[in-house]
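# Coordinate analysis (summary)
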Amino acid sequence: MESKGRNLFLAVVLLSIASAAFSSPHHHTGLTPYYYNYACPQALPTIRRVVKAAVKKERRMGASLLRLHFHDCFVDGCDASVLLDPTPTIDSEKLAGANNNSARGFEVIDQIKEEVDKVCGRAVVSCADILAVAARDSVVLLGGPWWNVRLGRRDSTTASRTTANTDLPAPFMDLNALTSSFQKQGLDAKDLVVLSGGHTLGFAQCFTFKDRAHNDSNIHPKFAKKLQTLCPRSGFESNSNLAKLDPTSTHFDTLYYKNLLKQKGLLGSDQALFGGGNTDELVRTYSEDTTTFWKDFAKSMVKMGNIKPLTGNLGQVRNNCRRVN
Ligand code: HEM
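Attention in this report is confined to the structure presented alongside it. The residue numbers shown here count from 1 along each chain, following its written sequence. Since the coordinates come from a predicted model, pLDDT governs what is reported: local features require at least 70, and pairs of side-chain atoms require 80 or more to be given and counted, while whole-chain, interface and lining totals use all residues. Each side-chain value is worked out from all heavy atoms of the structure, with water and hydrogens disregarded.

With that settled, the discussion passes to the overall build of the chain. Within the chain one finds 14 helices and two strands. Only the C-alpha atoms count toward the radius of gyration. The rule for a globule is 2.2 Å times the residue count to the power 0.38. Computed over C-alpha atoms, the radius of gyration of the chain comes to 21 Å, within 12% of the 20 Å expected from 2.2 N^0.38 for 325 residues, which places it in the range of a compact globule. We call a residue buried when its accessible area falls under 20% of the maximum for its residue type, exposed when it is over 50%, and partly exposed in between, using a 1.4 Å probe and counting protein chains only. A burial count over the chain gives 49% of its 325 residues as buried. Whether two residues are in contact is decided by their heavy atoms: any pair within 4.5 Å suffices. A separation threshold of at least 6 residues defines the contact pool for the chain, and within that pool the share at least 24 residues apart is 74%. Reported accessibility uses the Shrake-Rupley method at a 1.4 Å probe radius. Residues are deemed covered only where the shown protein chains occlude them. For the chain, the accessible surface area stands at approximately 15,900 Å², while carbon and sulfur atoms represent 56% of it. By the counting rule applied here, Lys and Arg register as positive and Asp and Glu as negative, while His and the ends of each chain are not counted. To locate a charge, take NZ of a lysine, CZ of an arginine, CG of an aspartate or CD of a glutamate. Charge separation in the chain, taken as the distance between the mean sites of 40 positive and 31 negative side-chain charges, equals 4 Å. Here a helix means four or more residues in a row that DSSP labels H or I, a strand means two or more in a row labelled E, and each is numbered from the N terminus.

And the structure:
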């Protein structure tokens, strides 16, 4: 009787441990870091090698690859929909406002795909997983944190410019609009603040901050002056001129947040994170604590990478990231 009771107790304990393990935050997506360990152990080193060469050639490419993963995940999940070229049946997201003449890095993804398929002997690695790994490798190469990328995403057979236009956040959004945009993806205000830290890398074109430079009051006067010179109020010739999103735009550091404290955020959506709203404290924390920024950034990148993946026999593994099989 007593031993029966103990066995029952043991069984309950074991069951609850097992169910806790299976209900861990990342499990329900069906993604796992080990997905290609058997099918193609060379996959991840190959992605890294091509990203490394591309970043060596042009350091900005690391920023561009990080942004591509973000723009993929926010539009119907991380399914490589952002990579599909326009055809009569594909409503390409490349033509959406936030991507047109702006998203870049597609050639590098093509090259990764080619080399990975060659080393694996066939198309086993999805374009969506390539985007997730390339984003992580870029951040590491530019001096940021490493995280274990969950894998096993499959690629979409559709794209939606309409959804890209509604679901990708815009640089003129205020804190409320940004929070809603992230909430729609299952991401909270902390994810918003820490993932915006991606703007420690890369550049933005005049047309994305020109209005702020000339009209906003929550901007440091000298900083505004500089931007006004780069992007004069009238004329379109300057619209594609580039400004660094933070002064050390090829180094993954906390200067992005330090600048927000001084009203030197480049985009309206950057400065919106600091200036009397409920995210001020978090900006202050990240501005002075690299370790916490790194840890939280890595955590939120995994969370973003888990948005609505296609798994099992949903979707496909594309042979060419630009078109459906
Ligand atoms: C919070 C809402 C966000 C808004 C409104 C936003 C908006 C923008 C805009 C307007 C640009 C400049 C594009 C151009 O001028 O062509 C940009 C660049 C960039 N964004 Fe964001 N972004 C947001 C969040 C993020 C997130 C979450 C990440 C990644 C974790 C990210 C990573 C980047 C990077 C790395 C660049 C530079 C790309 C390059 O130089 O090629 N952004 N973003």
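Here a donor is an N, O or S atom found within 2.8 Å of the metal, or within 3.2 Å if the metal is Na, K or Ca; sites may look incomplete because water is not among the atoms. Among all protein atoms, only His 199 (NE2) binds the iron atom of the ligand, sitting 2.1 Å from it. On the secondary structure map, His 199 appears in the loop between helix H8 (189-196) and strand S1 (203-205).

Judged by nonpolar contacts, the single largest core of 70 residues is most densely connected at Leu 68, Leu 83, Ile 109, Ile 112, Tyr 257, Leu 273 and Phe 297. Residue contacts for Tyr 257: discarding those within four places in its chain leaves Val 193, Val 194, Ser 196, Gly 197, Val 283, Tyr 286, Ser 287 and Phe 293. Within the second largest apolar cluster, 13 residues are counted, among which are Cys 206, Ala 213, Phe 223 and Ala 224. We define the nonpolar core as a collection of buried residues of types Ala, Val, Leu, Ile, Met, Phe, Trp, Tyr and Cys that are connected through side-chain atoms lying within 4.5 Å of one another.

Turning our eyes to something else, we now look at the pattern of salt bridges. Between Lys or Arg on one side and Asp or Glu on the other, a salt bridge is scored when a side-chain nitrogen of the former is within 4 Å of a carboxyl oxygen of the latter. This structure, assessed with the given rule, holds 16 salt bridges. We note a salt bridge from Arg 136 to Asp 137, for which the minimum N-O separation is 2.8 Å. Considered together, Arg 136 and Asp 137 belong to a single accessibility category, that of buried residues. With a closest N to O distance of 2.7 Å, Asp 191 and Lys 303 form a salt bridge. Linking Asp 191 in helix H8 with Lys 303 in helix H14 (residues 290-305), this pair joins segments that are 112 residues apart in sequence.

Moving on, we come to the packing of aromatic side chains. In this scheme Phe, Tyr and Trp rings, the latter by its six-membered ring, pair at centre separations within 6.5 Å, and the angle between planes marks the pair as stacked below 30 degrees, edge-to-face above 60, and tilted otherwise. If you walk through the whole model with that rule in mind, you get eleven aromatic pairs. On the numbers, 5.2 Å between centres and 5° between planes, the contact of Phe 252 with Phe 293 is stacked. In this pair, Phe 252 sits in the loop between strand S2 (242-244) and helix H11 (255-261) while Phe 293 sits in helix H14, placing the two residues 41 residues apart along the sequence. Neither residue differs from the other here; Phe 252 and Phe 293 are each classed as buried. Feature note: the residues Trp 147, Phe 252, Tyr 256, Tyr 257, Tyr 286, Phe 293 and Phe 297 constitute an aromatic cluster, connected by ring pairs.

Moving on: the site of the ligand. Nearness is judged by heavy atoms alone; a residue qualifies as near a molecule or strand once a single heavy atom is within 4 Å of it. Around the ligand there are 27 residues in total, and Arg 60, Ser 64, Ser 102, His 199 and Gln 205 lie nearest to it. Ser 64 is positioned with one of its side-chain polar atoms (N or O) 2.7 Å from an oxygen atom of the ligand. For the ligand, an oxygen atom lies 2.6 Å from a polar atom in the backbone of Gln 205. Those elements that place two or more of their residues in the shell around the ligand are helix H3 (60-73), helix H7 (175-183), H8 and S1. Residues are grouped as follows: nonpolar covers Ala, Val, Leu, Ile, Met, Phe, Trp, Tyr, Cys and Pro; charged covers Asp, Glu, Lys and Arg; every other residue, Gly included, is treated as polar. Across the shell around the ligand, the residue classes tally to 15 nonpolar, nine polar and three charged. Here a polar contact means two N or O atoms within 3.5 Å. Within protein one must be a hydrogen donor candidate and the other an acceptor candidate, and residues neighboring in sequence count only if both atoms are side-chain atoms.

On to helix H13 (residues 280-288). Those residues of H13 lying buried are Asp 280, Val 283, Tyr 286 and Ser 287. End-on view of H13: buried residues confined to an arc of 130°, all on one side of the axis. In H13, the exposed positions angled more than 90 degrees off the buried face are occupied by Glu 281 and Glu 288. Buried-residue contacts for H13 involve H8, H11 and H14. It is the directions from the helix axis to the C-beta atoms whose arc is reported.

This part covers the state of the cysteines. Cysteine sulfur atoms that pair up within 2.5 Å are treated as a disulfide. Tallied over the entire structure, the rule returns four disulfides. Between the sulfur of Cys 40 and that of Cys 120 lies a disulfide, 2.1 Å long from S to S. Judged by the torsion about the S-S bond (-80°), the Cys 40/Cys 120 disulfide is left-handed. Placement of Cys 40 in the loop between helix H1 (2-22) and helix H2 (43-57) and of Cys 120 in helix H4 (residues 106-120) is noted, with a sequence separation of 80 residues between them. For the pair shown, Cys 40 and Cys 120 are each scored as buried. Note that Cys 73 is cross-linked by a disulfide to Cys 78, the S-S spacing being 2.1 Å. Handedness here is read from the sign of the S-S torsion; for Cys 73 and Cys 78, about 115°, the answer is right-handed. Take Cys 73: its relative accessible area is 0%, and that puts it in the buried class. What makes Cys 78 buried here is its relative accessible area of 0%.

Secondary-structure assignment places Lys 210 in helix H9 (residues 210-215). Among buried charged residues, Lys 210 stands out as having no salt bridge; its nearest opposite-charge side chain is Glu 237, 7.6 Å away. Leave out the neighbours within four places in its chain, and Lys 210 touches Cys 231, Pro 232, Arg 233, Gly 235, Ser 238 and Asn 239.

Read these as spatial facts, not as claims about activity.
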